[in-house]
Amino acid sequence: LPCVSSSSSSSSSPVPVSVSLHVTAITSKSEAAAFQPFGQVVWPEEDGTPYEVPLYDASLDLSAGQPRFYMMRIPPRGLEMDRITYHADVTQCLASMQDSTWHLVVAEPSDLSKPPTAEQLHAFAFKGGCIVKLNKGTWHAGPLFDGEDEIAFYNLELADTNTVDHNTHIYEDEVYTLHT
């Protein structure tokens with residue numbers, strides 16, 4: 001569960017409350033069940049493995065528009081977040097192109113008017129070599145990671161996801177910090 005702490009300041013503007021999130025590492029197929037309320041974690045299989053959702057393949061919904069599969073470069077943003085986003089019309093897949101550890105903060109789908117509370121947020125760590133599929137409507141922040149170098153990611157969503165289906169809540173009173 002998240003822990004809440006606050007710090008004092010002599011500034012006239014309110015200081016956000018620091019909320020600590022414990023990170024669950026997903027490093028193998030056997031640990032992927034922890035992520036199921038939010039989507040799927042897909043691992044490499046032998047060529048020719050029959051289609052079988054949810055064991056091996058991501059269950060996708062790209063029916064609301066033109067799919068977009070692209071590579072994106074993300075600079076290191078650290079392990080803090082103050083905003084969270086969901087896409088109501090599409091499942092989304094993310095995969096690191098490098099063997100680096102990266103993190104997502106997620107919460108089950110809800111309406112934009114009811115963003116997730118600290119108790120509803122879950123933080124996960126992944127390494128390169130897997131695909132993370134987010135269910136439609138799953139709140140997410142990230143990929144988040146430390147370091148000096150950017151990480152390239154594969155991203156599968158719709159062509160217009162970032163312009164017409166990018167629903168974001170900004171936490172004005174909290175900053176969430178991931179603790180591994």
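Quick notes on the rules
- Residues numbered from 1 in each chain as written.
- Predicted model: local features only at pLDDT ≥ 70, side-chain atom pairs only at ≥ 80, totals over all residues.
- Heavy atoms only, no water.
- Pairing = 2+ DSSP bridges.
- Helix = DSSP H or I, 4+ residues; strand = E, 2+ residues; numbered from the N terminus.
- Axes fitted to C-alpha atoms, helices over the stretch in contact; angles between N-to-C directions.
- Patch = residues over 30% accessible without salt bridge, like charges linked within 9 Å, V, L, I, M, F, W, Y side chains within 5 Å.
- Areas by Shrake-Rupley, 256 points an atom, 1.4 Å probe, with all protein chains shown as cover.
- Salt bridge = Lys/Arg side-chain N within 4 Å of Asp/Glu carboxyl O.
- Buried < 20%, exposed > 50% of the residue type's maximum accessible area, 1.4 Å probe, protein only.
- Phe/Tyr/Trp six-rings, centres within 6.5 Å; stacked < 30°, edge-to-face > 60°.
- Lys NZ or Arg CZ within 6 Å of the ring centre and 35° of its normal.

**A closer look at the sheet that holds strand S4 (residues 67-74)**
Okay, so step 1: The strand order S3-S10-S7-S12-S4 describes an open sheet built from 5 strands, whose pairing is antiparallel. With partners counted over all chains shown, the strands left at the sheet margins are strand S3 (39-42) and S4, one partner each. Recorded for the sheet is a direction-independent mean angle of 20° between the axes of neighbouring strands.
Okay, so step 2: Sheet topology note: the S4/strand S12 (residues 151-158) ladder contains 8 bridges and is antiparallel. From the neighbouring strand, Phe69 faces S12, where its bridge partner is Leu156.

**Examining a nonpolar patch on the surface**
Okay, so step 1: A grouping of Phe69, Met71, Met97 and Tyr154 is seen on the molecular surface, where their side chains present a nonpolar patch of about 430 Å² in accessible area.
Okay, so step 2: According to the relative accessible area criterion, Met97 is partly exposed, its value standing at 35%.

**Notes on the pattern of salt bridges**
Okay, so step 1: Scanning all chains against the criterion turns up 4 salt bridges.
Okay, so step 2: Where Lys136 meets Asp61, a salt bridge forms, and the shortest distance between an N and an O atom there is 3.2 Å. Of the two residues, Lys136 sits in the loop between strand S10 (131-134) and strand S11 (139-144) while Asp61 sits in the loop between S3 and S4, which places them 75 residues apart along the sequence.
Okay, so step 3: The exposure class assigned to Asp61 is partly exposed, which follows from its relative accessible area of 22%.
Okay, so step 4: The salt bridge involving Glu150 is made with Arg73; its shortest N-O contact spans 3.4 Å. Highlighted residues: Glu150 in the loop between S11 and S12 and Arg73 in strand S4, separated in sequence by 77 residues.
Okay, so step 5: With relative accessibility at 41%, the residue Glu150 sits in the partly exposed group.

**Digging into the packing of aromatic side chains**
Okay, so step 1: Considering all chains together, one arrives at 11 aromatic pairs under this definition.
Okay, so step 2: Consider the rings of Phe69 and Tyr154, whose centres lie 5.7 Å apart with planes at 10°: the pair is stacked. Taken together, the positions of Phe69 in strand S4 and Tyr154 in strand S12 put the pair 85 residues apart, joining distant regions of the chain.
Okay, so step 3: Looking at Phe69, the relative accessible area reads 58%, which means it is exposed.
Okay, so step 4: Arranged with centres 5.1 Å apart and planes meeting at 35°, the rings of Trp102 and Phe126 form a pair that is tilted. Note that Trp102 is positioned in strand S8 (residues 102-107) and Phe126 in strand S9 (residues 122-126), a separation of 24 residues in sequence.
Okay, so step 5: By relative accessible area, which is 0% here, Trp102 ends up buried.
Okay, so step 6: What links up through ring pairs into an aromatic cluster is the set Phe35, Phe38, Trp102, Phe124, Phe126, Phe145 and Phe153.
Okay, so step 7: The aromatic ring of Tyr70 is capped on one face by Arg68, whose charged end is 3.5 Å from the ring centroid.

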